Amino acid sequence: TISYWSSDEMLWMDGKGADGQGPCATDNAAACSAAVSFSNFALEAGAQVPAAIAAKIGATAVAQPALPPPLPPTLPPTLPPKPAEATCPGEIQVGDLGSVSIIPTGWKSPNMVPIRLPDTKTIVPRMGARGYFADKCTAGEYSNEQYMALNLLGKTLRFTTSLSGAGCGCNAAFYLVSMRQNPLPSDCFDHYCDANNVCGVSCPEIDIMEAN
């Protein structure tokens, strides 16, 4: 799952912390950028270590992909589609895995926030958006059996993210939840579940990244 959201009460993530070394004294959700981006996804066999960590533990580092250019501070407005006009955002290519469909939340809501796929490598969630990795996408319909259930044991999951403009109070998140195993539609009507019971259904959650 990928999401982008904001709150003036995000100091649990970006605050000063117990050691006083954190970046944010206060949060300002109103200053968050219109969107962030995730790109260059790859699922590879074997454990690989980023250069910064490898230097500390003496392991062999792997080459990291170049960072994408920063997003503009604002994006042109995009009107959300009505449920009857729902469309699938498209597919991205995940290295060593192949095509992956992206399913947005909100098809059942008039306040849907879109997710944009500008190319086959990049996902751009606008503020308030949430999207799911899936084996396939059927526009306007949600089925837990369409969501991906990857076996990540013994593998490395890599991706690149651009957080330009996502400051204190913004949260760009990439995480694993058991939606494929959840037959309940939930209060969000898309089988979403997580550890915080956001849509009324709880399930295991592993946060890969929550950052700004």
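The preceding data block contains the structure.
Residues numbered from 1 in each chain as written. Predicted model: local features only at pLDDT ≥ 70, side-chain atom pairs only at ≥ 80, totals over all residues. Heavy atoms only, no water.

(A) Examining the packing of aromatic side chains more closely. Within this structure, the stated rule accounts for 10 aromatic pairs. Here the aromatic rings of Phe38 and Phe159 are separated by 6.2 Å at their centres, their planes lie at 40 degrees, and the arrangement is tilted. Of this pair, Phe38 sits in strand β2 (residues 37-45) while Phe159 is found in strand β8 (residues 155-162), placing the two residues 121 residues apart along the sequence. Three or more aromatic residues joined by ring pairs make a cluster, and in this case those are Phe38, Phe41, Phe133, Phe159 and Phe174. (Phe/Tyr/Trp six-rings, centres within 6.5 Å; stacked < 30°, edge-to-face > 60°. Helix = DSSP H or I, 4+ residues; strand = E, 2+ residues; numbered from the N terminus.)

(B) Representation of the side chain of Thr156 within the structure. Within the secondary structure, Thr156 is located in strand β8. Its relative accessible area of 10% is what places Thr156 among the buried residues. There is a polar contact of 2.6 Å between the side chain of Thr156 and the backbone oxygen of Gly46. (Buried < 20%, exposed > 50% of the residue type's maximum accessible area, 1.4 Å probe, protein only. Polar contact = N/O pair within 3.5 Å; in protein donor to acceptor, adjacent residues only side chain to side chain.)

(C) Quick peek at the sheet that holds strand β5 (residues 115-119). Read from one edge to the other, the open sheet built from four strands follows the order β5-β6-β2-β8, with strand pairing classed as antiparallel. Whereas interior strands pair on both sides, the edge strands pair on one side only; in this sheet they are β5 and β8. Strand-to-strand, the axes of this sheet are offset by a mean angle of 30 degrees, without reference to chain direction. Where β2 lies against strand β6 (residues 122-125), two bridges are found, and the strand directions are antiparallel. The residue bridging Ser39 from the neighbouring strand is Thr122, located in β6. (Pairing = 2+ DSSP bridges. Axes fitted to C-alpha atoms, helices over the stretch in contact; angles between N-to-C directions.)

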